[in-house]
Structure formats: C-alpha cells, structure tokens
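Read off the chains here:
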Amino acid sequence: SSARSAAQFSAQLGLAVSARPIAMAAPMTDPVLAGASSNTNVAKIAMQQQQKRTDVVEPQVISEDLLIRGVEEPVRHDGEPWEAIDFPSVTSLRLSWKNIIEVSNLNNFDFLTTLRLDNNIIDKIANLNHLKQLTWLDLSFNNIREIEGLDQLHNLLDLSLYHNQIEEIKGLDGCPKLNILSLGHNHIKDLKQIDYLRKFQSLRCVCLDGNKVCQNDSYNQHVLAYLPTLKYLDYMLIDRKAVLQAQEGYNLDELTEVKEREQVEASKVKGQKDKLKIIEKLKGSFLDATEDLFEELFSKDTEPEAVTVLTCYAPLREDFRDKLTEDIKALRTWMEGKNENRSKKVGGFEKSISKAEGESESEAFQMVRDFRSHKKKILSQIDREDNAALKPEMEAMITQLVDQLGGLENHLMANEIQLQESIFEAISDFEAKISETIKQMSEKGGEFFRHLEDLEKVFYTGLLEGSNSEIEAFAQSQEIATTDNDSNKARFLGNKEEMIQACQSFNEAHMTMIQTKQDYMEEQLKSWRNSFFERHRERQYHRNRQRVMDVKKVLDDCRAEINAASDVGDEYDENDGGGDAYGH
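Remarks on the overall build of the protein chain
Okay, step 1: The secondary structure content of the protein chain amounts to 12 helices and nine strands.
Okay, step 2: When each of the 584 residues of the protein chain is scored for burial, the buried share is 40%.
Okay, step 3: Across the protein chain, contacts joining residues at least 24 apart in sequence account for 60% of those joining residues at least 6 apart.
Okay, step 4: Summing over all exposed atoms, the protein chain offers an accessible surface of approximately 31,900 Å²; the carbon and sulfur share of this is 49%.

Describing the packing of helix H9 (residues 392-476) against helix H12 (residues 496-567)
Okay, step 1: Running from N to C, H9 and H12 point in directions that differ by 175°, and their axes come no closer than 10 Å. The angle between the axes of H9 and H12 places the two elements in the roughly antiparallel class.
Okay, step 2: Its residues placed into classes, the contact of H9 with H12 shows 39 nonpolar, 17 polar and 13 charged.

Here we look at the packing of helix H4 (residues 219-226) against helix H5 (residues 240-249)
Okay, step 1: Running from N to C, H4 and H5 point in directions that differ by 90°, and their axes come no closer than 8 Å. On the basis of their axis angle, the class for H4 and H5 is roughly perpendicular. Counted together, Gln 221, Leu 224, Ala 225 and Tyr 226 of H4 and Ala 242, Val 243, Ala 246 and Gln 247 of H5 form the full contact between these two elements.
Okay, step 2: Partitioning the contact of H4 with H5 into residue classes produces six nonpolar, two polar and no charged.

Some words on the environment of Tyr 313
Okay, step 1: Residue position: Tyr 313 is located in helix H8 (residues 313-383).
Okay, step 2: Non-local contacts of Tyr 313, meaning those with residues more than four positions away in its chain, are made with Phe 298, Glu 303, Val 307, Thr 308, Phe 459, Leu 463 and Phe 506.

Some remarks on the environment of Val 402
Okay, step 1: Relative to the elements of secondary structure, Val 402 occurs in helix H9.
Okay, step 2: Separated by 156 residues in sequence, Val 402 and Cys 558 place their C-alpha atoms 9.2 Å apart.

Considerations on unusual backbone geometry
Okay, step 1: With an omega dihedral of -10°, the bond running from Glu 73 to Pro 74 counts as a cis peptide bond.
Okay, step 2: Relative to the elements of secondary structure, Pro 74 occurs in the loop between strand E1 (71-73) and strand E2 (92-94).
Okay, step 3: Of note in this structure, Asn 105 is not a glycine but carries a positive phi near 60°.
Okay, step 4: In this structure, Asn 105 sits in the loop between E2 and strand E3 (114-116).
Okay, step 5: Owing to a relative accessible area of 47%, Asn 105 belongs among the partly exposed residues under this scheme.
Okay, step 6: The phi angle at His 185 is positive, at roughly 55°, despite the residue not being glycine.
Okay, step 7: Mapped onto the elements of the fold, His 185 is located in the loop between strand E6 (180-182) and strand E7 (205-207).

Considering the pattern of salt bridges
Okay, step 1: Using the criterion set out here, one finds 35 salt bridges in the structure.
Okay, step 2: A salt bridge links Arg 543 to Glu 357, with the shortest nitrogen-to-oxygen separation between them at 3.8 Å. Of the two residues, Arg 543 is situated in helix H12 and Glu 357 in helix H8; the sequence distance between them amounts to 186 residues.
Okay, step 3: Its relative accessible area of 15% is what places Arg 543 among the buried residues.

Regarding the confidence of the model for the protein chain
Predicted coordinates in areas of low pLDDT are best not read in detail.
Okay, step 1: Within the protein chain, residue pLDDT values average 84, and 84% of them lie at 70 or more.
Okay, step 2: Confidence over residues 1-40 falls short of pLDDT 50; this stretch has 81 contacts with residues more than four positions distant or in other chains.
Okay, step 3: This model gives residues 569-584 a pLDDT under 50, and the stretch forms 31 contacts once residues within four places in sequence are excluded.

What to know about the state of the cysteines
Okay, step 1: Applying the stated criterion to the full structure yields zero disulfides.
Okay, step 2: Cys 205 carries a free sulfur, and the closest cysteine sulfur to it, the one in Cys 207, is 7.4 Å from it.
Okay, step 3: The thiol of Cys 214 is unpaired, and the distance to the nearest cysteine sulfur, on Cys 207, comes to 7.8 Å.
Okay, step 4: Classification of Cys 214 by relative accessible area gives partly exposed; the value is 22%.

A look at empty space enclosed by the protein
Okay, step 1: Under the criterion given, the structure shown has two cavities of 30 Å³ or more.
Okay, step 2: Ser 360, Ala 364, Leu 412, Asn 415, Glu 416 and Arg 547 are the residues that line the second largest cavity.
Okay, step 3: Put simply, the parts of the chain that give the lining of the second largest cavity at least two residues each are H8 and H9.
Okay, step 4: Counting residues per element, the lining of the second largest cavity draws most heavily on H9, which supplies three residues.
Okay, step 5: Of the residues belonging to the lining of the second largest cavity, the class tally is two nonpolar, two polar and two charged.

What counts, and at which threshold
- Residues numbered from 1 in each chain as written.
- Predicted model: local features only at pLDDT ≥ 70, side-chain atom pairs only at ≥ 80, totals over all residues.
- Heavy atoms only, no water.
- Helix = DSSP H or I, 4+ residues; strand = E, 2+ residues; numbered from the N terminus.
- Buried < 20%, exposed > 50% of the residue type's maximum accessible area, 1.4 Å probe, protein only.
- Contact = heavy atoms within 4.5 Å.
- Areas by Shrake-Rupley, 256 points an atom, 1.4 Å probe, with all protein chains shown as cover.
- Axes fitted to C-alpha atoms, helices over the stretch in contact; angles between N-to-C directions.
- Parallel < 35°, antiparallel > 145°, perpendicular 65-115°, else oblique.
- Nonpolar A, V, L, I, M, F, W, Y, C, P; charged D, E, K, R; others polar.
- Salt bridge = Lys/Arg side-chain N within 4 Å of Asp/Glu carboxyl O.
- pLDDT = per-residue confidence, 0-100.
- Disulfide = S-S within 2.5 Å.
- 1 Å grid on protein atoms, 1.4 Å probe; cavity = no way out; pocket = protein on both sides within 12 Å on 5 of 7 lines; lining within 4 Å.
- Points joined across faces, edges and corners; volume = space filled by probe spheres on them.

Okay, structure coming up:
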C-alpha cells in the first residue's frame, strides 16, 4: 500500500516510478501547482529508474566526483562538468540514488538553494547548518530516525523526510519559514505531535500519509483544528468549510486553552522585544546600567532569605524603590539632554569634515581638468607639424608643459597636506570639546551612584536597627513564633548572629553591584570617545593614502602622454581628455 500511495501521488505529478517503495523519491511540490511533465521527461526518468534497479552501488561517502556529477544548476555554457573550484556558485545539487551513508563534504556550497539526497542510506541529519541559503531539502527514502541538525537553515521552505523512520515531530525550530513539510510513511503515532507544527505560520502543505497517526478517527479534524492555515493535507486540497467546522466543534476546551497559552507566550515575546529596544535606546545615552536596577539589587539571587522575615524589610525596600526611581528619572532627563547635545555636535563635526573633503576634492578635480584641456591644446599643435623632429618652439612648449605638470603636482600635494593637517587639527580640537562633555556626563553618573550608595547606607542602617529590635522582641516573648506559626521566622529571629551576617552580606552585595554599574557606565563613555576619534583618524589616514595614490596615477598618465607626444608626434590621440579628473 505504501508503494501504491507513493506511486499514485507521483502519477499525479507526471512522474514514472518503480513498483517498489524504494524506487521513488516523494516530490515536495504543491500537488495542485506542480502540473505534468512532458512525455519525453517521463520516459527519460523511467529509463533512469529502470537502470537504478539493475545497478549495484556500494555504500559510499560524498566524494568530489559525486559532487561534480551532481551539479544541476547553473548549467555551464560549454556543457562541461563543473570544477570543484566553482562549487560556491552552484545553486542546485542532486545526490539521489548514490547509496550515500552520511551527509558530508558540502563545505564550499555557499549559495546552494536546492539539495536532493533522497534514496540513500543516510541515518542522521548532520553537517547542513552552514548552507544558509538552502530553501529546498529532500532527504526522503533514507534511514533517518530523528529530525535534527537544521537549527541554522532559517530560509528553508520545503523539507521532505518522506519514508524514513521518524517517530517524533521536532527539531524544526530553526526553520521558521517552512512552507511544505513531507513526513509521510514514518513512525508517527500520537495526534498531539501535530500540535508542534502550530508555530509555523507559513506552513501550507503537510504530508503525514502512511503514518499510524492517520489511522486515528480524529486525525483529519485534529489537523484542521490545530493547523488552520494549511491548504493541503496528504496531497488533498483542504475544504475551508471543514476547517471552520473543526475549529468550532473539535476539542474546543483544549484548543481554547492552547490559544490562550500562545497569546501569553506571544505577549511575552513581544515584551522581550520591546525591552531590547528600550535597552538599545538607553545604550545610546549610556544609561542602560540604570534599567531594572532596583530589580537587580533586590533579586532573589541577591536577597537573603533571613531578611525577608523582618517586618521592617518591606517598608524599607519600598522606600528604597521610590527614591531610586526618582533619582533614575532625574539622571535620565539630564543625560538624555546632554546626549542630544553631544549627538548634534558629532553630526556637525562630521558634516564639516565631509564638506572640507568635498571642497578639496572638487578643487583638485577642476585643476586636473584644466590641465588636461591645456595639455590637449598644446599637444594637438605638435601633432599638426609635419616634421619628424620638433622645432625649438615646440620643444619649448613641451618643456613648459612638463613644468606646468610639476607645478600641478606640487599644488595638488600641497593642498592634500594642508587638508590633512587641518582635518587632524579639527579632530584634536573637537576631541578636547567632546572630552569635556564626556567628563560632565561621567561626573553626573558618579553623583548618581554616590547618592545610590547613600540610599544603601540608609537602607542598611534601617535594616540593622529593625532586625535588632525584632530579635530582642522575639527573645523577650517566645509567643511570637507560636502566634505567627512561622518556623522560618522563629529560626532566623532566634539566631542574631546569622541575621546580622545576612544583613552585612546583603549590604556588601549591593555596594559591589553599585560599583560595578558605575564602572560600566564610565567605561562606556570612555570607550565611545576613544573609538570615535580612533575611527576618524584611521579613516583620514586611509583617505590620504588613497588620494596620494590617485594624484600620482593621474600625473604619471599625463607625463606618459606628454613624453609619447614629444617622441612621436603623430601617435598623439586628439580624443584624449575623457574620463574623470583622476583619469579613471
């Protein structure tokens, strides 16, 4: 029956197949859109498969020879096989019916989009994660037991694992764009496994035909209820009315619960994304150290259990929170204003540098254009002379032209030196100004953290005093433990030394965290300043080297043209002067 169902589906797509199950690779294409192959292609495929049944292939690994013969696209113009050196350009590779035992040696296929490894004896999906461009992967008719090794195939659209030994639907989280999935004729039994596919919003075609799960009376309804975006199930177009009925009448309570969980998870994911955006924005103002600062100071990892039993603890903590919130708000207002001013200064500085470079370049272009025009005029006069030897006045004109070229060289180089010196001076001046701004921001941050340390001291003092009072009260009246019915409270209040140690540890943890946060902010400010000016100096160095090379090239070209024209006048080309000012 497996052979018949596979053959029937292939016949729908216009493919000729063997009567044996292993003689057919389940095609992963939309059954409705695939169309039919031409009679010539059908005959060709049938002949190839007939030959497959008579050939005996020993188990083998993927060799260079197999790869060369397996390249399908692009086709070389000369019809010759591809060389191994050309593998990075290959987009389609077919390694079907090769008795391949493992996936390997595909390292150089950087732009591969289609990979066919069907009808082999592969038992493990591996060594594919580097194929980032892959959109179609066919591993049908192998011995694969587990879906794995696909974590980085983020562009995969079409996956065929038809006729393997897979028992569980999993391992596809790295393929969020999955559109077509063929898992027919595996060992999938449980309806609940289908629920895993709900996360794939682009999934439109699923094949599970030939699995035991399909024998369940609720199979169709379960799939339609839990995967409502499907268009095709087991090669058949889905009736939208059937989907609506399944949504409204099948397993309604459980389905509602699933949807609610998904909404909660989606909200959580959205919250995480929003949080990352906030942190990135704060980083731009060197303020990300203040985000969730209170939560970090009083996290479960930092907060000793002993202090939580104190009656005074909650009010002290809330007072700490209120004052810290006000301080953070004030710091952010000041820092964001200062940072906005810094950003404007940086924009103005970079604009002025770009303007100076542009003006210098335009001036150089114009000077070169003027000289080329002058050179063309002079050399054209020499070209019209009939004598083989130059007349004295012509030689004088050549000499003068060479001198003018030397003057142009001196002028261009002097202009570049002047530009470079003025830019480096501007960078140094701006660095001094921006360093003052950074210093002010650092000092403001220091004030914030010193005030935070003061808050911590008040909190710590209040905690010690409160704990001492409660411990004394507990010692005087053991009834507290009985009344509160709290063994933990009795344990901690009955051990003064342990309580004091817990308070001290809490304080030390807070002071360490505060210092770490301050160091982080100061390092951020310092790092930005250093990297900004290093980047600009490095850019100017490379710009200057490139400008000198460009000037040298155009001068050498002009000098060569003058020498050629003076040596053999009739070789001068009157069309000289095309291209840009640097002779490109």
